[in-house]
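For reference, the chains in residue letters:
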Amino acid sequence: MRRLPAGVRENGLSIAFGLLFVAALVAQSVAGWHDHNNLQVADGRATAGYAEYVTSADFAVDVVENWQSEYLQFLLYIWVTVWLVQRGSPESKELGKEGSESDKDQKVLQYADEKSPRWARVGGWRTSVFSHSLCLTMGALFMGSWVAQAVAGRAAFNQEQLGRLEDPYSLTQYVGSADFWNRSLQNWQSEFLAVGSMSVLAIFLRQRGSPESKPVGAPHESTGVSG
């Protein structure tokens, strides 16, 4: 069997999930388009073309409301695992290592080596920012997608309001509405459940070869160990 090129093999995870993302997004757009038009016909309204649908607020809000919940999940999980541990979970740090750890443990400043990122070595604000860059980026992506959800959701909501000959909402009114919070919270609760379940199930269950699992023969109480 012919081996994959090194660039593909070494980046297989990001390439695979990138392709899955594009495929799922296209499939969602097609299914959403048909569902939208079925509802339009049922209400006696004109149907939309595919291009019209994928550039509409209806499609945008369906996409970004899921994005913001995913980024919120990762933001919270990255941050809380600095301070909280779960005995027996490979998703947790080892017991007793709660907190941001020492400069030596984190290989920053004088403990950095020649292969360490430059901002881990230079000190000052750059090392401080780089030390929290993952949470900062996830937080920015969450807030950006949440704002996009608010804007797109308001547009879609107001279309329904006008169709019922009711007054449209301002952005402030919409952010305080049941529709906005229903869209947000129905995604948040599922993300919290999934992450919590993974943390606990990985204590007792295994997947051979996965870094998200402990080694098959590792004791249940082993913490912070991946296989």
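Up top you'll find the structure we're talking about.
These lines cover the structure that appears in this document, whether it is placed above or below.

Thresholds, definitions, all that
- Residues numbered from 1 in each chain as written.
- Predicted model: local features only at pLDDT ≥ 70, side-chain atom pairs only at ≥ 80, totals over all residues.
- Heavy atoms only, no water.
- Core = buried A, V, L, I, M, F, W, Y, C linked by side-chain atoms within 4.5 Å.
- Buried < 20%, exposed > 50% of the residue type's maximum accessible area, 1.4 Å probe, protein only.
- Helix = DSSP H or I, 4+ residues; strand = E, 2+ residues; numbered from the N terminus.
- Contact = heavy atoms within 4.5 Å.
- Polar contact = N/O pair within 3.5 Å; in protein donor to acceptor, adjacent residues only side chain to side chain.

Description of the nonpolar core
Item 1. Of all hydrophobic cores here, the largest spans eight residues; its members are Leu72, Phe142, Trp146, Ala150, Phe157, Tyr174, Phe180 and Trp188.
Item 2. Contributions of two or more residues to this core are made by helix 8 (133-163) and helix 10 (178-204).
Item 3. Looking at which element gives the most residues to this core, the answer is helix 8, with four residues.
Item 4. Excluding residues that lie within four positions of it along the chain, Leu72 makes contacts with Phe142, Trp188 and Phe192.

So, the environment of Tyr71
Item 1. Tracing the chain through its elements places Tyr71 in helix 4 (residues 57-83).
Item 2. Along the sequence, Tyr71 and Pro117 sit 46 residues apart, while their C-alpha atoms lie 25 Å from each other.
Item 3. Sequence-distant contacts of Tyr71, that is, excluding residues within four places in its chain, are made with Met138, Leu141, Phe142 and Ser145.

Details of the side chain of Ser29
Item 1. Structurally, the position occupied by Ser29 is in helix 2 (residues 12-42).
Item 2. A polar contact of 2.6 Å, which involves the side chain of Ser29, links it to the side chain of Tyr50.
Item 3. Not counting chain neighbours up to four residues away, the residues in contact with Ser29 comprise Tyr50, Tyr53, Val54 and Phe59.

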